[in-house]
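# A look at the structure
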Amino acid sequence: MDQNIYRELREGLGLSRDKASELLETMPPERIERIENGKFLPHPDEVLLMSDKYKAPELCNYYCAHQCPIGAEYVPPIKIKDLSTIVLEMLSSLNSMNKSKDRLIDIAADGKIEEDEIKDFIAIQEELEKISITVETLQLWAERMIATGAIDSELYEKYKNE
């Protein structure tokens, strides 16, 4: 996605800027235009509002990973994927990590990383990062399904909070 993600999502919903402004309530069409044309970055509260009203939770990740100076440093960009792809990626990463766990134990046993352990340690860190991103992708998928009504939000919250 590029700088025009806000425009792409609005147009994907078939909304003019005026109609989007009505939906967003607190954002005038001129502000929407400036954000969509890259003249201004949206404020975090505006991103949250657009994310909610456009039913596009991926906007929050996009903003944090690409436009927020802190998030750009610490938040990986997440791509929307279908559930089967997410699950297969997760299983692949978990299988790979399962093979590496004994090596990680060996590396960590003495509390320091020796010169001959660094390469393996970095490879294990990278595999753990893949798992982390896959978990975030699954969470974003679930948020999108809830936002669009494909998952019953009340039932989801009920079981999540048990």
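Above this note sits the structure.
Heads up: these notes are all about the structure in this document. The shown structure was predicted, so the numbers you read here are calculated from the model rather than taken from an experiment.

Calculation notes
- Residues numbered from 1 in each chain as written.
- Predicted model: local features only at pLDDT ≥ 70, side-chain atom pairs only at ≥ 80, totals over all residues.
- Heavy atoms only, no water.
- Helix = DSSP H or I, 4+ residues; strand = E, 2+ residues; numbered from the N terminus.
- Buried < 20%, exposed > 50% of the residue type's maximum accessible area, 1.4 Å probe, protein only.
- Polar contact = N/O pair within 3.5 Å; in protein donor to acceptor, adjacent residues only side chain to side chain.
- Core = buried A, V, L, I, M, F, W, Y, C linked by side-chain atoms within 4.5 Å.
- Patch = residues over 30% accessible without salt bridge, like charges linked within 9 Å, V, L, I, M, F, W, Y side chains within 5 Å.
- Areas by Shrake-Rupley, 256 points an atom, 1.4 Å probe, with all protein chains shown as cover.
- Salt bridge = Lys/Arg side-chain N within 4 Å of Asp/Glu carboxyl O.
- Lys, Arg positive; Asp, Glu negative; His and termini not counted.
- Charge placed at Lys NZ, Arg CZ, Asp CG, Glu CD.
- Disulfide = S-S within 2.5 Å.
- Axes fitted to C-alpha atoms, helices over the stretch in contact; angles between N-to-C directions.
- Parallel < 35°, antiparallel > 145°, perpendicular 65-115°, else oblique.
- Left-handed = near helix turned anticlockwise from the far one by under 90°.
- Contact = heavy atoms within 4.5 Å.
- Nonpolar A, V, L, I, M, F, W, Y, C, P; charged D, E, K, R; others polar.

## Re the side chain of Thr134
Looking at the secondary structure, you find Thr134 in helix α8 (residues 118–148). The buried category is assigned to Thr134, whose relative accessible area is 5%. Within the structure, Thr134 has its side chain in polar contact with the backbone oxygen of Lys130 (distance 2.8 Å).

## Points about the nonpolar core
Side chains that are nonpolar tend, in soluble globular proteins, to be buried together. Tyr6, Leu24, Met27, Met50, Tyr54 and Leu59 are the most contacted members of the largest nonpolar core, which totals 18 residues. Grouped together as the second largest cluster of nonpolar side chains are five residues, Met90, Ile107, Ile124 and Ile131 included.

## Some points on unusual backbone geometry
Of note, Glu25 is a non-glycine position whose phi angle comes to about 65°, a positive value. With respect to the helices and strands, Glu25 occurs in the loop between α2 (17–24) and α3 (29–36). Classification of Glu25 by relative accessible area gives exposed; the value is 64%. The backbone phi angle of Lys55 is positive, close to 55°, even though this residue is not glycine.

## Remarks on a negative patch on the surface
Residues Asp110, Glu114, Glu115 and Asp116 make up a contiguous surface patch of negative charge. Mapping Glu115 onto the fold places it in the loop between α7 (83–108) and α8.

## Considerations on the state of the cysteines
Counted by the stated rule, this structure contains zero disulfides. Free of any disulfide, Cys64 has its nearest neighbouring cysteine sulfur in Cys68, separated by 5.7 Å. Look at Cys64 and you get partly exposed, because its relative accessible area is 28%.

## Here's the deal with the packing of helix α1 (residues 5–12) against helix α5 (residues 58–67)
Across the interface, α1 lies against α5 with an axial gap of 11 Å and an inter-helix angle of 165°. Relative to α5, the element α1 is oriented roughly antiparallel. Considering how the two elements wind past one another, α1 and α5 form a crossing that is right-handed. Contacts between α1 and α5 involve Ile5, Tyr6 and Leu9 from the former and Glu58, Leu59, Tyr62, Tyr63 and Gln67 from the latter. Partitioning the contact of α1 with α5 into residue classes produces six nonpolar, one polar and one charged.

## Concerning the pattern of salt bridges
Under the defined criterion, the tally for this structure stands at ten salt bridges. Lys19 serves as the salt-bridge partner of Glu22, at 3.9 Å between the closest nitrogen and oxygen. In this pair, Glu22 and Lys19 are both assigned in helix α2, three residues apart and thus about one turn of the helix distant. The exposure class of Lys19 is partly exposed, given its relative accessible area of 48%.

## Looking at the side chain of Ser93
Structurally, the position occupied by Ser93 is in helix α7. What makes Ser93 buried here is its relative accessible area of 5%. Sequence-distant contacts of Ser93, that is, excluding residues within four places in its chain, are made with Glu127, Lys130 and Ile131.

## A short note on the environment of His43
Mapped onto the fold, His43 is located in the loop between α3 and α4 (44–53). With 24 residues separating them along the chain, His43 and Gln67 place their C-alpha atoms 10.0 Å apart. A polar atom in the side chain of His43 sits 3.3 Å from the side chain of Arg31.

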